[in-house]
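Descriptive analysis of the structure
The lines below spell out each chain.
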Amino acid sequence: MHIASPRPEDWLVVRPEGLHCVPGDFFVDPTRPVERALVTHGHADHARAGHGRVLATAETLAIMASRYGPAFAGATQALAYGEVLTIGGARVHLAPAGHILGSAQAAIEHAGTRVVVSGDYKRRRDPTCAAFEPVPCDVFVTEATFGLPVFRHPDDRHEVARLLDAHRRNPDRTLVVGVYALGKCQRLLCLLREAGYDRPVHIHGALEGLCGLYRDHGIDLGPLLPATVAERAALAGSIVLAPPGAIADRWARRLADPIVAMASGWMGVRQRARQRGVELPLVISDHADWDELLATLGDVGAPRVWVTHGREEALVHAARAMGIDARALALVGFEDEDS
Amino acid sequence: MNRFAALLDALVFTPQRNGKLRLLRDHFAETADPERGWALAALTGALDLPTAKPAMIRALVADRVDPVLFAWSYDFVGDLAETTALIWPGPRDGARLRNAPPPTLSEVVEELRAATRAEVPALVAGWLDMLDATGRWALLKLVTGGMRVGVSERLAKTAVAGIGAVALEAVEEAWHALRPPYEALFAWVEGREGRPDIEAAARFRPMMLSHPLEDADLAAMLPPDFAAEWKWDGIRVQIAATAGERRLFSRTGEDIGDAFPDVMAAVDFTGVLDGELLVVRDGAVAPFADLQQRLNRKTVGPKLLASHPAWVRLYDILLDGEEDVRELPFDARRARLEAWHAAHRPARMDLSPLIGFAEWPELVEIRTGARAAAIEGLMLKRRASPYLAGRPKGHWYKWKREPLAADCVLMYAQRGHGKRSSFYSDYTFGLWSDGALVPVGKAYFGFTDEELQQLDRWIRNHTIQRFGPVREVEPGLVLEIVFDGVQRSTRHKSGLAMRFPRVSRIRWDKPAAEADRLETLAAMLADTATPAG
Ligand SMILES: [Zn+2]
Ligand SMILES: [Zn+2]
C-alpha cells in the first residue's frame, strides 16, 4: 500500500506569529513571542526578545544577549553549523548564510522532505562571517530584499575605494558613514583595513557594543575611537561611522563640515539615496543581489521555491521562468532592513 | 565617458552650489581637451546630437530584458534612464575589464554626430554593453538630452572662468561666438592664448530679462519713470547681423534661423535687435498655436511659409550698425530703434508700440481689457535703464493678465521626476462632455509637500487601472486649473488645449459632477481668438 508523504505546505505553515514547523512545534524567526523559536540571525526583525526557548548559533545568541540583556528568553540552546538536532518529528541543522556574524540557514527535514529557510543571506566574501553554503533541498524558502533586476551590487572594494578617494579629496571635512549597527558596521571596518586604511575610525556610541562583541569573536576591526561631537575639531578629516538614523539628524550636523555617506544596497538607486540626503552613496549590501538570488536558486536545485520578505513578485516571476514552482509566502513583520 | 559619468553622478548628489562649482572646476582643470569641452557642451545644452526618444530606450531594453521585470523595476526606480542603466544585462565587472575599454565622451559625441538617426539605437546598445551602471546612466542622460543635474549654464561658465584669470562677464560675452568643444575658450582662460576673435561672427548677446510684477512693486514705482509695451505671446528673439553673417537666436542663444527663412531674407542690414517672433496675417497676430507650427523645424516648406508667415515685432536695439548702444538708457535706445526702423524699413518687421498712460489705474484698465490671443499682458521698462544681461532687479517687469480658470476632474496621475519621483505629481485632467470626461490638459503640482502627499494618497486609494508609472483614477477629485489661454489642438481629443495650465488648488469640497463642462472651455477659446489690435 502506498502512503502519500505529507506535502511540505502542510507541515511548514504561515501563522500570525511567523513560519511554523508543525512536527517540531517551533517557529522560524517569529515576529511575536512563542514557546519555541529557531532564530536565523541577530537582526531585530528576525530575532525578538520574549520567546520561551530559542535555538540559534552561539554567535546569534550572544548578539541577542548583547541587544536585549541576558534574560531575553526563558532558555537558549546553541547549535553549531552542521550539527544535527531532532525536534519532535523534525530533523534540523544550520548552515552558514554569509549575512552577518552567526547568520544561518535552517535546514528542516520531515517525512523525507528537506526544506531550507534561508533567512537573510549574501554570496559575496565577508571577512566577518562564514560564507554561504548552498544546501540541496526540495523546497527553498528565500528572502527577496533585493529581488528586482535593477539591484546588481558592485564589487565592495570599488565602493571602499570611492570612500577613501572622497576622504583624500576632502582633508578638512568629516566623512560620516551611515551603517547598520550589526554587520555592516563591522564589515565596513574590515574592508577599510583590507584597503590599507589603518588610522583610527571614530564610531558613534550606538555601535560600540556590537563592535566589542565582534572583537570578542576574534574579528580584528583595527583601532577605534569614540565619535564625540564635543571634539568637533579632532573629527575633521576623519572617518566616522554612525547608525543610519544619526547621519541625517542634528548629531551629524554638529560635525565639522560633514560629508554624509551611507553604506547600503539601496544606495544603488539614486532617488533612494537622495531622499535620505546622502552625498556619497556606497552600494555595500549584506543581502544577495538579483543575480545572486537567481544563481542561488540554481545552486540549491530546489524544484519548489517560497519567497518571503522583499520584492516577492519579481523573484517568483523569474523563478517560474526557470521552470521552478515558485510562490510568495505572505509573511509579515519584516522590514526592508539593510537600510 | 567614465570621468564624465563620475562628474554627473557627483553633481546629482552634491546639493550646495559651492560644492557643484568645486566639482566642475576640478573637472575642467584636470580633464584634457576635447573631453572637457564636450562635457561643458553637454552641461550647457550646447550639444546638437541626434537625440534618442524615450521610446527608443524602451525598445532597446525590451530587446534584452523581460518586460514584466522591467515594468516592476521602472515602477520602483521611477526614472527611465536610471532603470535602464541598472537593469541592462551587460557583462559583469570582470568580463568588462577583459574587454575593450569603455568609450570616451569624445568618441561618443563624434560617433553620434556622424550617425544617422537610424544608426543611433545600435550605437547606444553597443556602448551600454561596454559601460558600467554609472556610465550607462550618464550615456542615457546624454542621448535623451535631459541632464537634470542642477547645473545652470551660468554655473558651468563660472566654473570655466574659475580655472583661470578671466572674468565671468568676459566669458559670457564671448560665449556665443564659441563652439564645442571649446578648445579656444580653455586656451584663453588658462592664459595660453589670447581672447578668441569674436567680432566677425554674428553672435548672440545675453538678453535682458524681466521679473514678474508684484502688487507691492507698483506702489514704489513712479509712472513717469516707466515705458509700457504689450507683452506679445510669441517667442523672444534676437536678430544679429554682421557684414558676413546673419542669425536669428532664441532667448537662450539657440540659432533658429533655418526654420525662419522668410524672416532671414528680410535681414539686409547690420546690427543686433531684440523683438518678438510671431505669425502675422494681414497685420493681425495669429494665436501662439500657429507659431508653434513653425518652431522646432530644421527646414520649412513653401506651403507652410505661405500659410504661416513669420514676423518680428521689434522692441529694442543692442547694436545700431556696428555701434554697441547697450549702455544707453531705454529712452535713448528707443529713439535709436525708431530712427533705425524709419531708415531701413525692413520687410516682415515692425515696432512694438509704446502704450501711453499717465497713472497706474489707467494702465490697470488697459491691461484688463487686453483679452486678445496675441497679448499676454504688459511689459514695464524703466526709462533710465541700460540694456543689461540676465535678469537684473528693478528694471524690467512683466505684468501678465489674470489667468483663466476651470474646475477639472482628475483622470490620470503619473509619477514625477527628480525629487518627486516617489510621488504621483503629474496630472491629466478632463471636463464633462455628454456625461463623459474628456481630457483637456496635463499639469504638475505646484504646492506644498503636505498637499502633494494628501493627493498622492488619494490617487493610490482611488486607482482603477495601472499602466506602468501611470494610474487611472476614479472620477472623484476636482482640481482648479488656471491657464493663460485656450487654443485649438489636434493632439487632444477635446480639440482644445490650455496654455500653461497649472493646478491652483485641490477642491476637496466639490463633487466631481459639478466640475466644468467642455463647452465652458470652448467659450474661452472664442473669447481669446479675437485678432490683436
Ligand atoms: Zn538580516
Ligand atoms: Zn531580513
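Residue positions within a chain follow its written sequence, with the count starting from 1. Note on labels: chains are lettered from A, ligands numbered from 1, in written order. Selection of residues for local features in this predicted model requires a pLDDT of at least 70, selection of side-chain atom pairs for listing and counting requires 80 or more, and totals for whole chains, interfaces and linings are taken over all residues. Where side-chain values are given, they derive from all heavy atoms of the structure, hydrogens and water being excluded.

The subject of this paragraph is the coordination of the zinc ion (ligand 2). Residues and elements named next belong to chain A. Here the zinc ion (ligand 2) is held by the protein donor atoms His 46 (NE2), Asp 120 (OD), Asp 120 (OD) and His 309 (NE2), which lie 2.2 to 2.7 Å from it. Classification of the site at the zinc ion (ligand 2) as irregular follows from its four donor atoms and the range of 52 to 118° in their angles at the metal. Motif for the zinc ion (ligand 2), donor spacing along one chain: H-x73-D-x188-H. Keep in mind that water is not among the atoms, so a site may look incomplete; donors are the N, O and S atoms within 2.8 Å of the metal, or 3.2 Å for Na, K and Ca. Between the zinc ion (ligand 2) and the zinc ion (ligand 1), a separation of 3.8 Å is found, and both are coordinated by Asp 120. One end of the pair, His 46, is in the loop between strand E4 (36–38) and strand E5 (51–56); the other, Asp 120, is in the loop between strand E10 (113–117) and strand E11 (139–144), and 74 residues separate them in sequence. For His 46, a relative accessible area of 1% corresponds to the buried category. Owing to a relative accessible area of 0%, Asp 120 belongs among the buried residues under this scheme. Labels for metal geometry use angle windows, namely 85 to 135 degrees for all angles of a four-donor tetrahedral site, and for square planar (four donors) or octahedral (six donors) sites opposite donors over 155 degrees apart plus all others within 65 to 115; sites meeting none of these are irregular. For the purposes of this entry, the term helix denotes a DSSP run of H or I that reaches at least four residues, the term strand denotes a run of E that reaches at least two, and both are numbered from the N terminus. When a residue's accessible area, from a 1.4 Å probe over protein chains only, is under 20% of the maximum for its type it is buried; when over 50% it is exposed; and in between it is partly exposed.

Should any heavy atoms of two residues lie within 4.5 Å, those residues are considered in contact. In this assembly, 30 residues from chain B lie in contact with 31 residues from chain A. Once two parts are joined, some of their accessible surface, as seen by a 1.4 Å probe, is lost; buried area is that loss totalled over both. Carbon and sulfur atoms supply 53% of the area buried between chain B and chain A, which totals about 2500 Å² over both sides. Area buried by chain B at its contact with chain A is led by B:Phe13, B:Trp72 and B:Phe76, which between them contribute 30% of it. Just to be clear on terms, a salt bridge is a Lys or Arg side-chain nitrogen sitting within 4 Å of an Asp or Glu carboxyl oxygen. Counting the contacts that link chain B with chain A gives three salt bridges. Close ionic contact of B:Glu82 with A:Arg270 constitutes a salt bridge, the shortest N to O distance being 3.2 Å. Side-chain atoms alone can form a polar contact between residues adjacent in sequence; in general such a contact is a pair of N or O atoms within 3.5 Å, and within protein one must be able to donate a hydrogen while the other accepts it. Taken together, the connections running from chain B to chain A amount to six residue pairs in polar contact (both at pLDDT 80 or more). Of all elements in the fold, only helix H1 (2–13), helix H2 (17–30), helix H5 (67–77), helix H6 (80–87) and helix H10 (133–144) of chain B reach the threshold of two or more residues within the side of chain B that touches chain A. Of the residues forming the side of chain B that touches chain A, the biggest block, six residues, is contributed by H5(B).

Once that is clear, we can look at helix H4 (residues 184–194) of chain A. Residue and element names in this part refer to chain A. Burial analysis of H4 places 10 of its 11 residues in the buried class, which makes it a mostly covered element. The complete set of buried residues in H4 reads Lys 184, Cys 185, Gln 186, Arg 187, Leu 188, Leu 189, Cys 190, Leu 191, Leu 192 and Arg 193. Phi turns positive one or two residues past the end of H4, at Gly 196, with a value near 95°.

The next thing to look at is the nonpolar core. Residues and elements named next belong to chain B. Residue types Ala, Val, Leu, Ile, Met, Phe, Trp, Tyr and Cys, when buried and joined through side-chain atoms within 4.5 Å, form a set referred to as a nonpolar core. Formed by 119 residues in total, the largest nonpolar core has its most connected members in Leu 142 and Leu 185. Of the residues forming this core, the biggest block, seven residues, is contributed by H1. If near-sequence neighbours (up to four positions away) are discounted, Leu 185 is found in contact with Leu 40, Val 160, Val 171, Trp 175 and Leu 178.

Attention now goes to the sheet that holds strand E7 (residues 85–87) of chain A. All names here are of chain A. In short, DSSP must find at least two bridges between two strands for them to pair. The seven strands lie next to each other as E7-E8-E9-E10-E11-E18-E19, forming an open sheet whose pairing is mixed. Looking at which strands have only one partner, the edges of the open sheet turn out to be E7 and strand E19 (325–328). Pairwise comparison of adjacent strand axes, ignoring direction, gives a mean angle of 25° for this sheet. Sheet topology note: the strand E8 (residues 90–96)/strand E9 (residues 104–110) ladder contains six bridges and is antiparallel. In the sheet register, His 93 faces E9, and the bridge partner there is Ala 107. Orientation is described by axes fitted as lines to C-alpha atoms, over the contacting stretch for helices, and by angles from 0 to 180 degrees between their N-to-C directions. Its contacts with the sheet place helix H10 (residues 290–300) against E11 and strand E18 (304–310), and it is angled at close to 170° to E11. Strand contacts of helix H11 (residues 312–321): E11, E18 and E19, with the helix running at about 170° to E19, the strand carrying the most contacts.

With that out of the way, let us pick up the packing of H1(B) against H10(B). Residues and elements named next belong to chain B. In the contact formed by H1 and H10, the axes pass within 8 Å of each other and the chain directions differ by 85°. One finds that H1 runs roughly perpendicular with respect to H10. On H10, the residues that touch Phe 4, Ala 5, Leu 8, Asp 9 and Val 12 of H1 are Thr 134, Gly 135, Trp 137, Ala 138 and Leu 142. Of the residues contributing to the contact of H1 with H10, the split by class is seven nonpolar, two polar and one charged. Should an angle fall under 35 degrees it is called roughly parallel, over 145 degrees roughly antiparallel, and 65 to 115 degrees roughly perpendicular, with every other angle called oblique. Note on residue categories: nonpolar means Ala, Val, Leu, Ile, Met, Phe, Trp, Tyr, Cys or Pro, charged means Asp, Glu, Lys or Arg, and polar means any other residue, Gly included.

Bringing the sheet that holds strand E14 (residues 224–226) of chain A into the picture now. Residues and elements named next belong to chain A. Read across the sheet, six strands follow the order E14-E13-E15-E12-E16-E17 without closing on themselves; strand pairing throughout is parallel. Lying at the two open borders of the sheet, with one neighbouring strand each, are E14 and strand E17 (280–282). Across the sheet, the axes of successive neighbouring strands diverge by a mean angle of 30°, strand direction being ignored. Of the strand pairs in this sheet, strand E12 (residues 175–178) and strand E15 (residues 239–242) are connected by four bridges, and their pairing is parallel. The partner of Val 176 across the bridge, within E15, is Val 240. Relative to E17, helix H3 (residues 156–169) is tilted by about 155°, and along the sheet it contacts E12, E15 and E17. In this fold helix H5 (residues 205–216) packs onto strand E13 (201–203), E14 and E15, with an angle of close to 115° to the strand it touches most, E13.

This paragraph deals with the packing of helix H4 (residues 54–64) of chain B against H6(B). All names here are of chain B. The geometry of H4 relative to H6 is characterised by a closest axis approach of 11 Å and an angle of 20° between their N-to-C directions. What the angle tells us is that H4 and H6 run roughly parallel. Relative to H6, the crossing made by H4 is left-handed. Counting all contacts with H4, which are made through Pro 54, Ile 57, Arg 58 and Val 61, the residues of H6 involved are Leu 80, Thr 84 and Ile 87. Looking at the contact of H4 with H6, its residues break down into five nonpolar, one polar and one charged. By definition, any crossing whose near helix is turned counterclockwise from its far helix by less than a right angle is left-handed, and any crossing with a clockwise turn is right-handed.

So, on to the domain arrangement of chain A. Residue and element names in this part refer to chain A. For chain A, the domain assignment lists domain 1 (8–150 + 287–328) and domain 2 (156–282). What fixes the domain bounds is an automatic or database domain assignment. Computed over C-alpha atoms only, the centres of domain 1 and domain 2 are separated by 29 Å. Taken together, the contact between domain 1 and domain 2 spans 17 residues of the former and 15 residues of the latter. Summing both sides of the interface, domain 1 and domain 2 together bury roughly 1500 Å²; the carbon and sulfur share of this comes to 69%. On inspection of domain 1 and its partner domain 2, the count reaches one salt bridge. Linking domain 1 with domain 2 are three residue pairs in polar contact (both at pLDDT 80 or more). By residue class, the composition of the side of domain 1 that touches domain 2 is six nonpolar, five polar and six charged.

The next point concerns the environment of A:Leu55. Residues and elements named next belong to chain A. Within the secondary structure, Leu 55 sits in strand E5. A relative accessible area of 9% places Leu 55 in the buried class. Separated by 36 residues in the primary sequence, Leu 55 and Arg 91 place their C-alpha atoms 13 Å from one another. Apart from residues no more than four positions distant in its own chain, Leu 55 is found in contact with Ala 37, Leu 38, Val 39, Gln 77, Leu 79, Leu 85 and Ile 87.

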